[in-house]
Amino acid sequence: CERCSLARCSRPPPLLERIATQCVQGPMADFRLSRDGGRTWEEARPNGSATGDDNLWGETAAHNHKVKFGAPHWVDFGRELEHSPDGFAYVVAHGASRPSAIQAWMLGDEIYLARVLPEAEAIQDRRRWQFYAGGHGSAARWVEGDVTKAVPLVTWRNHTGVVTMTYFAPLAKYVLTISTASHYPSMVQPFDTYFLESDSITGPWSYVSYLSEFGPEAYFVH
C-alpha cells in the first residue's frame, strides 16, 4: 500500500491480496548433499525442528517476519573458487529488515553477504557460516552463526531483488547484478536490472548503469 492509492484501505482488493500472498519471499531451506556422484542424496535438516525456522540459517517469513537471505546465489569466483579472496565460498542474497517492507522474490530493500569454508559439513552447519556485519575491505567485520547480526551490503528501499555477484579477474572488479520489479505488485512485466562495482567483495560499491524494463521478466541476471 505504500506505492498505491489504497493506503487507507482496511483490506486490499482480492487480486492484490492474492498476488501479495503468492509473492512473499521465504527463507533458504538448505542444501542437499550427494557423496556418490548424484545417485543418492542426503537432506539431514540438522538445524531445528519441523517449524518455519527449520532451515539452514533459522529465518522465517511467518507472521510477517522478514528474511535477509532470500534467493541466495553463490558468488562466481571462477573455476574451483580460484579467485576467492580468502579461500571461502560466498553467497549473496536479497531481503529486508524493516517490518513494513514489501518483500517478494523480485523485490526488497537490501542485499546481504555470507561466507563459509567450501566443505560439505561446514556448508550444512549453521554455526560455521559467517555473516557480513559492516565495514569495507580489510576493515570488514563478520559474525559467525547468527544471521540476526547480518547487516546489509547494499540498501535501496523497494529497489533490490534477485542478485548475483561475479569477480572479473581481468578487471580486478566485483560486479553486483540486481534485478527488481518495475511495476509491483506485478511479477509478470519487464523487470529493471542494474549493476554496481567494487574493488573489494565487501565494497564500497559504485553505480555503473541502470536498465529500466530490461527484457521480459529478466531475472537471475548475471
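Because the structure is a prediction, the values reported are computed rather than measured.

What counts, and where the lines are drawn
- Residues numbered from 1 in each chain as written.
- Predicted model: local features only at pLDDT ≥ 70, side-chain atom pairs only at ≥ 80, totals over all residues.
- Heavy atoms only, no water.
- Helix = DSSP H or I, 4+ residues; strand = E, 2+ residues; numbered from the N terminus.
- Buried < 20%, exposed > 50% of the residue type's maximum accessible area, 1.4 Å probe, protein only.
- Contact = heavy atoms within 4.5 Å.
- Areas by Shrake-Rupley, 256 points an atom, 1.4 Å probe, with all protein chains shown as cover.
- Polar contact = N/O pair within 3.5 Å; in protein donor to acceptor, adjacent residues only side chain to side chain.
- Pairing = 2+ DSSP bridges.
- Axes fitted to C-alpha atoms, helices over the stretch in contact; angles between N-to-C directions.
- Salt bridge = Lys/Arg side-chain N within 4 Å of Asp/Glu carboxyl O.
- pLDDT = per-residue confidence, 0-100.

## Brief notes about the overall build of the protein
The number of helices and strands found in the protein is two helices and 10 strands. When its helices and strands are written in sequence order, the protein yields α-β-β-β-α-β-β-β-β-β-β-β. When each of the 222 residues of the protein is scored for burial, the buried share is 42%. Across the protein, the fraction of contacts at a sequence separation of at least 24, relative to all contacts at a separation of at least 6, is 53%. Accessible surface, the protein: about 11,700 Å² in total, of which carbon and sulfur atoms supply 54%.

## With respect to the side chain of Arg98
Tracing the chain through its elements places Arg98 in the loop between strand E2 (89–95) and strand E3 (108–116). Judged by relative accessible area, which is 16%, Arg98 ranks as buried. Within the structure, the side chain of Arg98 is placed 2.4 Å from the side chain of Asp109, a separation counted as a polar contact.

## Focus: unusual backbone geometry
With omega at 10 degrees, the peptide bond leading from Gly203 into Pro204 counts as cis. Notably, Asn158 is not glycine yet its phi reads approximately 60 degrees, a positive angle. As for its placement among the helices and strands, Asn158 is situated in strand E6 (residues 154–160). Note on Asn158: relative accessible area 10%, which makes it buried. Backbone geometry places Glu213, a non-glycine residue, at a positive phi of 50 degrees. Considering the arrangement of structural elements, one finds Glu213 in the segment after strand E10 (206–211). Residue classification places Glu213 among the partly exposed positions, given a relative accessible area of 42%.

## Concerning the pairing of E2
Of all seven residues that make up E2, seven are buried, and the element is covered over most of its length. Side chains of E2 alternate between two faces, with Ala89, Val91, Ala93 and Gly95 and Tyr90, Val92 and His94 buried alike. Bridge count for strand E1 (residues 70–74) against E2 is three bridges, and the pairing is antiparallel. Counterpart to Gly70 in the pairing with E2 is His94. In this structure, E2 lies alongside E3, joined through seven bridges in antiparallel fashion. In the strand pairing of E3, Val92 is matched with Leu113.

## Description of the sheet that holds E10
Here we have four strands laid out as an open sheet, ordered E7-E8-E9-E10, and antiparallel in their pairing. Every other strand in the sheet has two partners, leaving strand E7 (163–168) and E10 as the edge strands with one partner each. Put simply, the sheet's adjacent strands are angled 20 degrees from each other on average, direction ignored. Sheet analysis places E7 next to strand E8 (residues 173–181), joined by six bridges and oriented antiparallel. If you follow Thr166 over to E8, its bridge partner there is Val175.

## Overview of the pattern of salt bridges
Scanning the model with the defined rule gives nine salt bridges in all. Arg35 serves as the salt-bridge partner of Glu121, at 3.4 Å between the closest nitrogen and oxygen. Residue Glu121 is located in helix H2 (residues 120–123), and its partner Arg35 is located in the loop between helix H1 (14–23) and E1; the two are separated by 86 residues in the primary sequence. Look at Glu121 and you get partly exposed, because its relative accessible area is 48%. Ionic contacts of the salt-bridge type, sharing partners, join the residues Arg35, Glu42 and Glu121 into one network.

## A word on the confidence of the model for the protein
Mean pLDDT over the protein works out to 87, with 87% of the residues at or above the 70 mark. In the predicted structure, residues 1–13 sits below a pLDDT of 50 and forms 14 contacts with residues beyond four places in sequence or in another chain. Counting interchain partners and residues more than four positions distant, the pLDDT-below-50 stretch residues 15–21 has six contacts.

## Points about the pairing of E3
Of all nine residues in E3, nine are buried; the element is thus mostly enclosed. By the bridge criterion, three bridges tie E3 to E6 in an arrangement that is antiparallel. Each bridged residue has a counterpart across the sheet, and for Gly108 the counterpart in E6 is Thr160. Here E3 pairs with strand E4 (residues 130–132) via two bridges, running antiparallel. Considered in E4, the bridge of Ala114 is made with Phe131.

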